[in-house]
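Structure at a glance
One letter stands for each residue in the lines below.
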Amino acid sequence: MAAPALLADAPSRRDLIDERLARFGDWLRLHGWMIRAVQWVIVGVYGVLVIVPALLPLPDNTAHIWTNLTLAAQFAFWGIWWPFVLLSMVLVGRAWCGVLCPEGALSEFASRWSRGYAVPRWITWQGWPFLAFAGTTVYGQLTSVYGYPKPVLAVLGGSTVAAIIVGMLYGRNKRVWCRYLCPVNGVFAVLSKLAPISFQVDRAAWAASPKPVRGTEAFNCAPLVPVKAMRGAGSCHMCGRCSGHRGAVRLALRAPNHEIVHVAGQEPSLEQTVLILFGMLALAVGAFQWSSSPWFVEAKQGLATWLIERGITWPLEMSAPWFILTNYPDRSDVMTLLDGGLLLAYIGAATVILGLALSGIVALATLALGGWSLRRFHHLTQTLIPVAGCGVFLGLSALTVTFLRGDGIVIPYVSEIRAAMLIGSGLWSVWLAWRVAGLAAGGLQRAAATACIASAVTLSVANWVLLFWVW
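All of the points below concern the structure found in this document. (Residues numbered from 1 in each chain as written. Predicted model: local features only at pLDDT ≥ 70, side-chain atom pairs only at ≥ 80, totals over all residues. Heavy atoms only, no water.)

Quick look at the overall build of the protein
Note the following rule: Each helix is a run of DSSP H or I of at least 4 residues and each strand a run of E of at least 2, with the numbering of both proceeding from the N terminus. For the exposure calls, accessible area comes from a 1.4 Å probe over protein chains only, and a residue counts as buried if that area is under 20% of its type's maximum, exposed if over 50%, partly exposed in between. It only takes one pair of heavy atoms within 4.5 Å for two residues to be counted as in contact. Residue exposure ignores everything except the shown protein chains as possible cover, and the areas themselves are Shrake-Rupley values with a 1.4 Å probe.
Within the protein one finds 19 helices and 4 strands. Principal-axis analysis of the C-alpha atoms places the extent of the protein at approximately 80 × 60 × 50 Å. The burial tally for the protein puts 50% of its 471 residues in the buried class. Look at the contacts in the protein between residues 6 or more apart in sequence, and 81% of them connect residues 24 or more apart. Working note: accessible area of the protein is about 22,000 Å², and carbon and sulfur atoms make up 67% of it.

Digging into the packing of aromatic side chains
Under the convention used in this document: When two rings of Phe, Tyr or Trp (its six-membered ring) have centres within 6.5 Å they constitute a pair, described as stacked for plane angles under 30 degrees, edge-to-face for angles over 60, and tilted for the intermediate range. Criterion for a charge above a ring: Arg CZ or Lys NZ at most 6 Å from the ring centre, at most 35 degrees from the ring normal.
Under the counting rule described, the total for this entry stands at 25 aromatic pairs. Where Trp 295 meets Trp 471, the ring centres are 5.0 Å apart and the plane angle is 80 degrees; that geometry is what we call edge-to-face. Taken together, the residues span a long stretch of sequence, with Trp 295 in helix α13 (residues 294-309) and Trp 471 in the segment after α19 (443-470) at a distance of 176 residues. When the ring of Phe 468 is compared with that of Trp 469, the centres are 6.0 Å apart and the planes differ by 75 degrees; the resulting orientation is edge-to-face. A relative accessible area of 35% means that Trp 469 is categorised as partly exposed. Members of the aromatic cluster, connected to one another through ring pairs, are Tyr 46, Phe 77, Trp 78, Trp 81, Trp 82, Trp 96, Tyr 146 and Phe 188. The ring of Trp 434 is capped by Arg 446, whose NZ or CZ atom sits 3.9 Å from the centre of that ring.

Shown next as structure tokens:
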């Protein structure tokens with residue numbers, strides 16, 4: 001008799017969790033001043049970690065994370081911040097953006113005194129999510145942003161200055177930068193679709209309550225989200241300002257698969273498809289692989305030999321300033337023009353080859369469901385989000401392992417954890433594909449489409465297997 005009792009209690013436990021989440025959402029709305037205070041503390045820490053290390057001498061070989069500010073900043077940004085902010089998107093949505101992000105806070109603060117210009121069409125261009133992600137990723141590799149403080153100042157500091165300028169020009173009390181131009185906006189929007197909590201809108205309650213209920217008032221949605229029509233978590237910054245509005249908006253649980261299966265197909269997104277297939281599953285692979293790839297080494301040696309045989313040596317001898325190519329001769333770390341060109345070629349080849357291969361496989365999955373449908377192609381691409389996000393997280397968290405290992409701290413079972421995450425995320429993507437395919441067809445067609453997505457997952461996982469276990 002215990003099992004029926006547990007089943008009977010399940011809905012009440014869910015309701016209790018939802019009630020507490022709704023109260024927390026209201027707490028965020030009522031304590032905006034506290035969130036802003038936390039943001040300013042983070043802005044201060046962020047400013048110190050970005051600016052001060054660039055003004056200090058590079059640490060020597062005896063320095064440690066806990067004794068040297070430069071190493072501490074590198075570890076904070078690339079060992080903790082980047083990988084675990086990505087992970088937070090899958091766990092709690094874009095709470096980082098709305099509650100903690102220093103760049104967003106500064107952009108919105110600057111927007112208080114904005115010139116109030118209308119947002120131009122070039123800012124709302126749909127290609128920015130991929131282009132911004134690709135540009136910052138490639139530039140970071142060319143300048144070794146993970147290893148030196150000056151590129152950090154150029155990348156993060158430059159991005160922050162741009163966010164402030166955009167805030168001072170467009171909108172009023174808004175986060176135009178965050179909505180359209182932030183280099184990680186696209187990745188965050190994609191990963192937050194998997195979050196098990198989100199602010200959800202009851203459209204019937206909204207329509208039935210034309211005026212705000214007592215205790216609430218009109219709110220300012222800084223990231224320009226059309227809250228009334230919001231169905232997913234991709235653009236919501238989880239700041240809580242809309243919580244309780246018209247008695248229709250509340251923070252609540254949801255199934256992690258819900259948005260991919262039931263919402264993404266009705267909101268096809270070319271920019272997200274490009275970002276997933278050519279960015280997270282292709283370009284990111286090339287960016288993380290090139291320094292360990294024997295193919296890169298063979299190409300460099302072969303091209304260098306070919307150039308020397310023809311008396312052309314300047315590509316092997318010339319470099320560029322540190323803000324264009326890595327150039328630290330006192331550390332025996334100089335990237336020549338040949339290195340930089342091959343790096344671009346390697347990442348570019350990975351982007352094109354893997355992106356086209358994965359696109360072809362997803363296209364086959366689409367055709368397997370009964371004919372070509374662009375909307376279905378975009379929908380099936382969304383099922384690859386778990387394995388795409390896992391790969392990027394593992395690539396970045398490899399920096400965490402490297403930083404700690406450099407200070408003699410060895411994390412146990414790293415290989416086993418990586419393998420479990422790749423297998424788990426791969427199976428999650430396959431399960432999502434099975435669910436999505438089931439909306440269009442059944443039987444052999446559904447199985448064939450799922451098998452195609454499984455092959456795309458296998459290709460994606462194989463790229464990380466090469467990096468972590470083969471090379």
